[in-house]
Amino acid sequence: MSAALLEVEDLAVRYRTRRSAVRAVEAATFTVGEGETVAIVGESGSGKSTTAYALLGLLPRSAAVTGGRIGFAGRDLAGLPERGWRELRGRQIALIPQDPGTSLNPVQRIGAQVAEALRLSGNADRGTVRARTLELLADAGLPDPEVRARQYPSQLSGGMRQRALIAIAIAARPRLIVADEPTSALDVTVQRRILDHIGGLVRESGTSLLLITHDLGVAAERADRVLVMRAGAIVEQGAPGDVLAAPRDPYTRALIDAAPGLARTPRPRRLELAALPGGAPGDPFADARPAPAPAGDDGTAPPVVAVEDLTKDFRLPRSADRPGTLRAVDGVSLAIARGRTYGLVGESGSGKSTIARLILRLADPTSGRILLGGEDVTAARGARQRLLRRRMQIVHQNPFASLDPRRSVEQIVTDPLASFGLGSRARRRHRAKELIDLVALPAAVLGRRPAELSGGQRQRVAIARALVLNPELVVCDEPVSALDVSVQAQILDLLAALQSELGVSYLFISHDLAVVRHIADEVGVLHRGRLVESGPTEQIFAAARHAYTRELLDAIPGRR
Amino acid sequence: MSVTDLARPAGERRPGPGTARRPGLPRAVLRSLAVLLRHPGAALSALWIVLVVAAAVAPSLFAPGDPLAIDPAARLQGPSLDHLFGTDRLGRDLFGETVHGTGRTLPAAALATVVGLGAGTLLGLLAGFLRAATDLVIMRLIDVLLSIPGLLLALMLVAVLGEGDTLDVGIAIGVAAVASTARVMRAEVLRVSESGFVEAARTGGARWTRVVLRHVLPNSLGPVWVLTLLLFGEAILGVTTLSFLGFGAQPPTPEWGALVSSGRDFLGSAWWLSLLPGAVVALTVLAANRVSHAVEERTGRR
Amino acid sequence: MARFLVGRVLQGVFVLWAAYTLSFAVLYALPSDPAAIAAGANNSVTPEQLAELRHEMGLDRPLAGQYLAKLGGALHGDLGTSLQSGEPVTSLIGAALPPTLAVAGLGLVLGALLGTGLAVLATVTPYRWLRQALLGLPPLGVAIPSFVVGLLLLQWFAFAWNVLPAIGEGGWRGLVLPAATIAVQPAALIGQVLARSMEGELGKDYVDVARAKGAGPFRVNVRHVLRNAALPTLTLAGLLVGGLLTGAIVVEAVFSRNGLGRITQGAVAAEDLPVVQGVVLLGAAVFVTVNLAVDLLYQVLDPRLAIERRTAGTARFTLFGLAGRG
């Protein structure tokens, strides 16, 4: 290893809140060598971003470095006055921020923002700044730099914005670049290209890179050394191969187990479930479980849900140079078998959530058919449509928005029962207890409100609500993407266990192929509204036929 | 050790001692009291509001006797222990007049608040939930109401309702406030209707009446509650301004704005006659705004 | 751009028409008799003469007919005549406008400067106490009724210190106190909204990026933050200008100045309906014009809107509320 450029020793950062001080970072010690790439991995709240911002002197007003040393090129930066930091920022240490959507000034042209970085660093004067700006944009991998420089951030895609931010970061040829989750707001395929590009740039210029990420796979794949942070402390560091192969800290091991992209084979489903609640589909209080679905002519049961040639157009504001409609879903056909999981994968804007809404009959398709247990429900309206709701339920992506903040957990879970007037108050309460138990929450949460629960707990409540009517199908719309990796794993395990116990079918929607692999029996890949490939999960992973599927597979970190 | 242990789901998170589990009004009241104690400014403001309301309900508690009693021996005297606010040109005790004026100003402002909030909330709810044609008509109406400056709209209504009664002035001020309340409510209803839990309720099979009453309405009223006190403060400003201009209570009926108005002829010699009642108006509005702000901070942003 | 402009102008015309109709509906529902007011307190008017006057004023026609006739007149710039003085409403308002414009204009400029200065100073100052003190001012300014502000200023500057005239007529010295009074509300509103908006912008990621480039506090606060924060403040303009009109009513009463406010107060007191309606229409027209100007300015200042318009190629014609509703 080369000489250390950055030597952080016993760094401590505290946030002052109204009543107390929170220790965000405690006794963090690490080094980054000249030209080295070091990754800090941790879940939300682990202090990884706070560490990054402390290295730039950009902590919010409420936070302060309370101890330790930040040695940079032989100087101690801890306690440096603002003026001193200003000399350093940009020229010596640069930042690639997390969210390209909000990190560019919305009312300034891209070119002007890059030029500002050049001017401030003193690396260009009036005469050369224009040419240098275009050069930088090209270096950052933006096509047509001349055009892009004249545009505003809102005219660029997320990936292009992140490239503009990279251009800003490399403008002054800094010695250290701090990249704070530089791609977590981007689509998976874009993510990979951006990370490749950053890697190429730092390798070429010999710049050191401190990469902050929540994704152990990304860290292991790109860094020379990996640090694992938990609750403000560094619990493990070492070369990625060593950390992955022989983690010393139990937390690291847990992270590796939980990371969907790193496990070579599906994890064993290991959750034991409580007693099985009875009832018929759509009515938990009915006497008996139904007879198995009638077999078709060829001896197979009809799928729980099938859609045929489903198409959905959205009307756009009228315009001369554009068609008046956007085809969000284009001729999609799929079928979900009883007790199985269908994974629908696609990037943002691919139409996957629209399909979910169409199947749930929250929106009307432009054309095509939706069959529920062999019965055409495409045109169901009014009371008939309402009855369908007893057989299909949804688990939303964002557990913070999908629970009514003013109601207790018990009220939330029993809301569908109350809507259909099923059962007495006492029976509903009993049913809520059963389900809360089923999703492995203590009975005490029944009286609480969503704000008092963690994200993972809320998602469990949402699952309990979805199951309360004994539905045949649960649509899970990105149910784990708002959660930390370790919580993700628990929720996926829970969903799988519930399925084997209850025989419910899932339509599992995700942007993350690695997650889908762990839960789905069949996978469909959606690209711009079209189902480009579908088949049994392992077959897709082993031999993807469509180029887009292969691109998605390659984008899974840790798969190389 | 497994991930399950690490992330500590479920039972280990006990509710803190501060969060009693019993929902409902008593907890809300206790909580608001606790909040007030932590913000002395807001606490003083709330105390002031309570005092002013008490003065409106039972003025004799604060200023016994007839506020209009004339004492020729004590004309135009400055503030003293006998006469906290001094006396006017007929020797009437200004403090007594101000206290009794509360009973005119506050009911008018309260009426304005009820009219503005009630009609505004209803219009906003209808527009936001029914959408389509209803929304269109209501929004155009709101546009028009907003285009006429509030006080001018109120003055126009006063010209119609007559200028004799403070309560008429209250109604006029209330109508002038309908548009902005309706806009806030509509925006809130639209926001709540889009949220995941409303969709979940629909997927759960709830009828639209249940969706509105159980989910949309309770969750959209938050900002409206915050508006209540804010609107009350504005209504006090409106009512006193109109009566300062000579609409509403007529002399010698004591009313805050009218008191300021009748004292202004003596500004050079007896400043207290207009400025002390004016200060009471300002303090009351300030207090209402302050408390509203405290409530907003507490409940507004989740 | 042209289509956008046409759409917005049409919308403005619609609002004006609706304001006219609304004021007609409200004012002529009045139980009082305009003819009696026009005849004045003169007891010698016989019922026959009154009836003749009613006929002359068109009051014996059905309400719909009256409305159409009056609307037709309004379209030709004829808003009727004052019941008190018999003068045409338009010339009455036209004559009263200049002194009011002087006070209101000066007040707006003063208020905008004070409010902006306060917000910027409160945002950039490193001293917590100064920041708290500055941010404590706007709530005070909003809460004090403007007639009390005027009387306070009078008490201090005219009576106690005797540096400025108490009566607001004649020369620039008479303009100072009324303008200062009228400036308090806009200053408080602008200060409050701009300070909050700047605070919000400061928390955004692009500020971190600007600082990470090595930008100093002046550059960050003025180049980046103020420009973004000013945009939402601009939407206050319509509200502020409307407030100036009603502020003028109070200020002219306090400082015994002539102008639009005096006329309005007198007209309401005397139930001089055509004049009241004229002032209401003027208020609506000013509001509509200012908002149109702000909309156009927004298009220039906020590239996001300009882009949206250019690529979508649609006028934001919201007269029927069809656009922009997702």
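Procedures and definitions
Residues numbered from 1 in each chain as written. Chains lettered and ligands numbered in written order. Predicted model: local features only at pLDDT ≥ 70, side-chain atom pairs only at ≥ 80, totals over all residues. Helix = DSSP H or I, 4+ residues; strand = E, 2+ residues; numbered from the N terminus. Buried ≥ 20, exposed ≤ 12 C-beta atoms within 10 Å, placed from the backbone. Contact = placed C-beta atoms within 7 Å. Nonpolar A, V, L, I, M, F, W, Y, C, P; charged D, E, K, R; others polar. Axes fitted to C-alpha atoms, helices over the stretch in contact; angles between N-to-C directions. Parallel < 35°, antiparallel > 145°, perpendicular 65-115°, else oblique. UniProt positions renumbered as here; feature names shortened; annotations may be inferred. Pairing = 2+ DSSP bridges. Expected span 1.5 Å × (residues − 1). Bend = angle between axes of the 7 residues up to and from the residue. pLDDT = per-residue confidence, 0-100.

Could you clarify how one ought to interpret the overall build of chain C in this entry?
The helix and strand tally for chain C stands at 14 helices and 0 strands. Reading chain C from its N end, one meets helices and strands in the order α-α-α-α-α-α-α-α-α-α-α-α-α-α. A buried classification covers 39% of the 326 residues belonging to chain C. A fraction of 72% describes how many contacts in chain C between residues 6 or more apart in sequence connect residues 24 or more apart.

Sorry if this is basic, but what is going on with the overall build of chain B here?
A tally of regular secondary structure across chain B gives 12 helices and 0 strands. Counting helices and strands in the order they occur from the N terminus, chain B gives α-α-α-α-α-α-α-α-α-α-α-α. Per-residue burial over chain B gives 51% buried out of 302 residues. In chain B, the proportion of contacts linking residues at least 24 apart, taken out of those at least 6 apart, comes to 69%.

What is the right way to look at the interface of chain C and chain B in this model?
How big an interface is tends to be expressed through the accessible area that disappears when the partners come together. Counting residues at the interface gives 44 residues for chain C and 39 residues for chain B. Ranked by residues supplied to the side of chain C that touches chain B, first place goes to helix α13 (residues 273-301) of chain C with 8 residues. Considering only residue class, the side of chain C that touches chain B consists of 34 nonpolar, 9 polar and 1 charged.

Would you take a moment to explain unusual backbone geometry for this structure?
Where the residue is not glycine, phi is negative for most of them; where a peptide bond is considered, it is trans in most cases. Even without a glycine there, the phi angle at Asp309 of chain A is positive, about 55°. Positionally, Asp309 of chain A belongs in strand β11 (residues 305-315). The backbone of Glu271 of chain C sits at a positive phi, close to 55°, despite the residue not being glycine. Here Glu271 of chain C lies in the loop between α12 (260-269) and α13. We classify Glu271 of chain C as buried; it has 22 C-beta atoms within 10 Å.

Just to check I follow, could you spell out the packing of helix α7 (residues 150-161) of chain B against helix α1 (residues 2-27) of chain C for this structure?
Helices that pack against each other are described as a pair by the angle of their axes relative to one another and the distance between those axes. The N-to-C vectors of α7 of chain B and α1 of chain C enclose an angle of 25°; their axes lie 9 Å apart at closest approach. Classified by the interaxial angle, the pair formed by α7 of chain B and α1 of chain C is roughly parallel. Counting all contacts with α7 of chain B, which are made through Met156, Leu157, Ala159 and Val160 of chain B, the residues of α1 of chain C involved are Ser23, Val26 and Leu27 of chain C. In terms of residue class, the contact of α7 of chain B with α1 of chain C is made up of 6 nonpolar, 1 polar and no charged.

Before we go on, may I ask you to explain the UniProt feature "transmembrane region" (unreviewed entry) in chain C in this structure?
Residue and element names in this part refer to chain C. In this structure's numbering, the residues bearing the UniProt feature "transmembrane region" (unreviewed entry) are residues 12-30, 101-122, 134-159, 171-195, 229-255 and 275-301. Helix makes up 100% of residues 101-122 and strand 0%, with an end-to-end C-alpha separation of 31 Å. Secondary structure across residues 275-301 comprises 100% helix and 0% strand; the distance between its end C-alpha atoms is 38 Å.

When you look at the sheet that holds strand β7 (residues 176-180) of chain A in this model, what are you seeing that I'm missing?
Strand pairing within a sheet occurs via backbone hydrogen bonds; the two strands may be parallel or antiparallel. All names here are of chain A. The 6 strands lie next to each other as β6-β7-β8-β3-β9-β10, forming an open sheet whose pairing is mixed. This sheet does not close on itself; its edge strands, each paired only once, are β6 (93-96) and β10 (233-238). Going across the sheet, the axis of each strand differs from the next one's by a mean of 20°, ignoring polarity. Pairing geometry for β6 and β7, over 4 bridges, is parallel. Bridge pairing in β7 links Ile96 to Ala179.

Where do I start with the environment of Pro59 of chain B in this structure?
All names here are of chain B. Mapping Pro59 onto the fold places it in helix α4 (residues 59-62). For Pro59, a count of 19 C-beta atoms within 10 Å translates into the label partly exposed. With near-sequence residues (within four places) excluded, Pro59 lies in contact with Val99, His100, Thr102 and Gly103.

I would appreciate a short explanation of helix α11 (residues 237-254) of chain C in the present structure.
Given a rise of 1.5 Å per residue, 18 residues ought to cover 26 Å, and the 25 Å separating the end C-alpha atoms of α11 of chain C matches this to within 8%. Along α11 of chain C, the largest kink reaches about 25° and is centred on Gly247 of chain C.

What is the right way to look at the sheet that holds strand β13 (residues 341-345) of chain A in this model?
Residues and elements named next belong to chain A. The strand order across the open sheet formed by 6 strands is β16-β17-β18-β13-β19-β20, and the pairing between neighbours is mixed. Where the open sheet ends on each side, the last strands, each with one partner, are β16 (392-395) and β20 (530-536). Going from strand to strand, the sheet's axes swing by 15° on average, the running direction of each strand aside. One ladder, built from 6 bridges, connects strand β19 (residues 522-527) with β20; its direction is antiparallel. Pairing of Val525 across the sheet is with Glu533, part of β20. Most of the contacts of helix α15 (residues 455-467) go to β16, to which it runs at about 175°, and overall it touches β16 and β17 (473-477).

Where do I start with the confidence of the model for chain C in this structure?
Detail in the predicted coordinates should be disregarded across regions flagged by low pLDDT. Residues and elements named next belong to chain C. A residue-level look at chain C finds 87% of positions with pLDDT of 70 or above and a mean pLDDT of 82. Least confident of the elements in chain C is helix α14 (residues 303-312), whose mean pLDDT is 56; most confident is helix α5 (residues 89-124), at 92. Contacts for the low-pLDDT stretch residues 309-326, under 50 throughout, to residues beyond four places or in other chains number 31 contacts.

Looking at this model, I keep getting lost on the pairing of β11 of chain A. Mind explaining?
Each regular strand carries side chains that alternate between the two faces of the sheet. All names here are of chain A. With 8 bridges joining them, β11 and strand β12 (residues 325-336) adopt antiparallel strand pairing. Bridge assignment links Leu310 to a residue of β12, and that residue is Val332. As defined by bridge partners, β11 adjoins strand β14 (residues 367-372) across 5 bridges and the pair is classed as antiparallel. If you follow Ala306 over to β14, its bridge partner there is Leu371.

Got a minute to help me understand the environment of Leu201 of chain A in this structure?
Along the polypeptide, Leu201 of chain A turns up in helix α7 (residues 188-205). Here Leu201 of chain A falls in the partly exposed class, since 18 other C-beta atoms lie within 10 Å of it.

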